[in-house]
Amino acid sequence: LTRAVQVEGLTLPVFQPGEVWLTGAGPGDPGLLTLHALSAISQADIILYDALVNDAVLKLAGPGVVLESAGKRGGRPSPNQRDITERLIELARQGQRVLRLKGGDPFVFGRGGEEAAGLAAAGISFRIIPGLTAGLAGLAYANIPATTRDTNHGVILVTGQYAAGTERALEWSALAQSGLPIIIYMGMSRLPEIANALMTAGLSPETAVAVVCEATTPRQRVLVTTLSRVAVDVTAQGLGSPSIVAIGEMVRLRAALSPFAIAF
Ligand code: SAH
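Owing to the predicted nature of the structure, the values given are computational and were not obtained by experimental measurement. (Residues numbered from 1 in each chain as written. Predicted model: local features only at pLDDT ≥ 70, side-chain atom pairs only at ≥ 80, totals over all residues. Heavy atoms only, no water.)

S.K.: Would you take a moment to explain the site of the ligand for this structure?
M.R.: Every one of the 17 residues lining the ligand counts as a neighbour, but Asp105, Val108, Thr133, Ala215 and Ser243 are closest to it. Backbone polar atom of serine 243 to an oxygen atom of the ligand: 2.7 Å apart, as the coordinates give it. Taking 540 Å² as the accessible area of the ligand by itself, protein coverage stands at 96%. Looking at the shell around the ligand, its residues break down into eleven nonpolar, four polar and two charged. (Near = heavy atom within 4 Å. Polar contact = N/O pair within 3.5 Å; in protein donor to acceptor, adjacent residues only side chain to side chain. Areas by Shrake-Rupley, 256 points an atom, 1.4 Å probe, with all protein chains shown as cover. Nonpolar A, V, L, I, M, F, W, Y, C, P; charged D, E, K, R; others polar.)

Okay, here's the thing in structure tokens:
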């Protein structure tokens, strides 16, 4: 009767026709899907997915499930966000079980908030299924703890995409002065500018930086460098999007962990 994932001792919700489930697919490795996400994939009639959703995750969908690309690239301001929300509403009104699948967590730099608001305004019932966000899970797969008691009492998650201007430069300086590590999403295109702004604001050029590209996928690459060298090293190694940039001393802990950490 129900196609919900069966886990002994657990009752997972049934996907009802006409509902939209706004779901995080995690950063890439299908093993990082939540049980709710897996259950959603197995029950959906149609999956509207983002460019950042890993193919290995989409392959978990059964043969009868329609896969539709929402046609956005992560990071860039999307001219068609409105169209995506309209499409979700249209499909839900047709009585389909609509799975909106997004990379990482839908509410972390994922525009899930805008889509949920659009659905609410249209009177469509939806469920939010959080996912592991790339800025934390991606670091973990690079053997970098986001916090330790010895290194930092917090982290800053921030996007590197913004309109050029002084306001934003001031913000980087405030972030630098907080003394907390900075984890940047969508930071690759402005990396030289961001690194310079942080050094101008007083961060040491020797501050440790990690760039984790395509984290948690078989193509994961990790660069460990310093703030003064990161822009040059990224270019030299040909690292691009999607990448997480982590700036802070906790990056140095990786050296001790990596020899014994089992790779996935
Ligand atoms: N909602 C997502 C973030 C979307 S913004 C989340 O919670 O993870 C897109 C940015 O996320 C990318 O530019 C990149 O900085 C980061 N990102 C997403 N998946 C990634 C991955 N597998 N490896 C590295 N960075 C990733």
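Still to come is the rest of the account.
S.K.: Before we go on, may I ask you to explain the packing of aromatic side chains in this structure?
M.R.: Here a ring pair, both rings aromatic, is described through the centre-centre distance and the interplanar angle of the planes. Summed over the entire model, instances satisfying the criterion amount to three aromatic pairs. Residues phenylalanine 15 and tryptophan 21 carry aromatic rings whose centres are separated by 4.0 Å and whose planes lie at 10° to one another, so their mutual orientation is stacked. Here phenylalanine 15 falls in the buried class, since its relative accessible area comes to 1%. Ring geometry for tyrosine 141 and phenylalanine 264: centres 4.4 Å apart, planes at 0°, overall stacked. With tyrosine 141 in helix H5 (residues 134-141) and phenylalanine 264 in the segment after helix H9 (254-257), the pair connects residues that are 123 residues apart, well separated along the chain. (Phe/Tyr/Trp six-rings, centres within 6.5 Å; stacked < 30°, edge-to-face > 60°. Buried < 20%, exposed > 50% of the residue type's maximum accessible area, 1.4 Å probe, protein only. Helix = DSSP H or I, 4+ residues; strand = E, 2+ residues; numbered from the N terminus.)

S.K.: It is not clear to me how the sheet that holds strand E7 (residues 182-185) should be interpreted in this structure. Could you clarify?
M.R.: Backbone hydrogen bonds are what pair the strands of a sheet, in a parallel or an antiparallel way. Ordered in space as E6-E7-E10-E8-E9, the five strands form an open sheet in which the pairing is mixed. Where the open sheet ends on each side, the last strands, each with one partner, are strand E6 (156-159) and strand E9 (221-226). Recorded for the sheet is a direction-independent mean angle of 20° between the axes of neighbouring strands. Sheet analysis places strand E8 (residues 208-213) next to E9, joined by six bridges and oriented antiparallel. Directly across from valine 212, in E9, lies its bridge partner valine 222. Lying on the sheet, helix H6 (residues 166-177) is in contact with E6 and E7; it crosses E6 at an angle near 165°. Across the sheet, helix H8 (residues 230-237) touches E8 and E9, and the angle it forms with E9 is around 150°. (Pairing = 2+ DSSP bridges. Axes fitted to C-alpha atoms, helices over the stretch in contact; angles between N-to-C directions. Contact = heavy atoms within 4.5 Å.)

S.K.: Where do I start with the pairing of strand E10 (residues 243-247) in this structure?
M.R.: Side-chain positions along a regular strand alternate between the two faces of the sheet. Burial of E10 is extensive: five of the five residues sit out of reach of the surface. For E7 and E10, the ladder comprises three bridges, and the chain directions are antiparallel. Bridging across to E10, isoleucine 184 finds its partner in valine 245. Relative to E10, E8 runs antiparallel, the two being bridged by five bridges. Residue pairing for E10: valine 209 is matched across the bridge by isoleucine 247.

S.K.: What is the right way to look at unusual backbone geometry in this model?
M.R.: For the peptide bond that leads from serine 241 to proline 242, omega is -5°, which places it in the cis range. Relative to the elements of secondary structure, proline 242 occurs in the loop between H8 and E10. Backbone geometry at phenylalanine 109 places phi at a positive 45°, although glycine is not the residue there. Relative to the assigned elements, phenylalanine 109 resides in the loop between strand E4 (98-102) and helix H4 (112-122). The residue threonine 216 is not glycine, and still its phi comes out positive at about 70°.

S.K.: Explain the pattern of salt bridges to me, please; I cannot follow it from the model alone.
M.R.: Any two side chains of opposite charge can pair, on the condition that their charged atoms come close. For the structure shown, the criterion picks out eleven salt bridges. Note that lysine 102 and aspartate 50 form a salt bridge whose closest N and O atoms lie 3.7 Å from each other. A residue pair is termed long-range when its members are at least 10 positions apart, and lysine 102 in strand E4 and aspartate 50 in the loop between strand E2 (46-49) and helix H2 (55-58) qualify at 52 residues. You can call lysine 102 buried: its relative accessible area is 1%. (Salt bridge = Lys/Arg side-chain N within 4 Å of Asp/Glu carboxyl O.)

S.K.: Got a minute to help me understand a nonpolar patch on the surface in this structure?
M.R.: A cluster of nonpolar side chains, namely Phe107, Phe126 and Ile128, defines an oily patch on the protein surface of about 250 Å² accessible area. Within the secondary structure, phenylalanine 126 is located in strand E5 (residues 126-129). (Patch = residues over 30% accessible without salt bridge, like charges linked within 9 Å, V, L, I, M, F, W, Y side chains within 5 Å.)

S.K.: Whenever I open this one, the side chain of serine 243 confuses me. Can you help?
M.R.: Structurally, serine 243 is set in strand E10. Here serine 243 falls in the buried class, since its relative accessible area comes to 7%. A distance of 2.5 Å separates a polar atom in the side chain of serine 243 from the backbone oxygen of glycine 240. When residues no more than four places from it in sequence are discounted, the contact partners of serine 243 are Ile184, Met186, Met188, Val211, Val212 and Cys213.

Bear in mind that shape data such as this cannot, by itself, settle questions of function.
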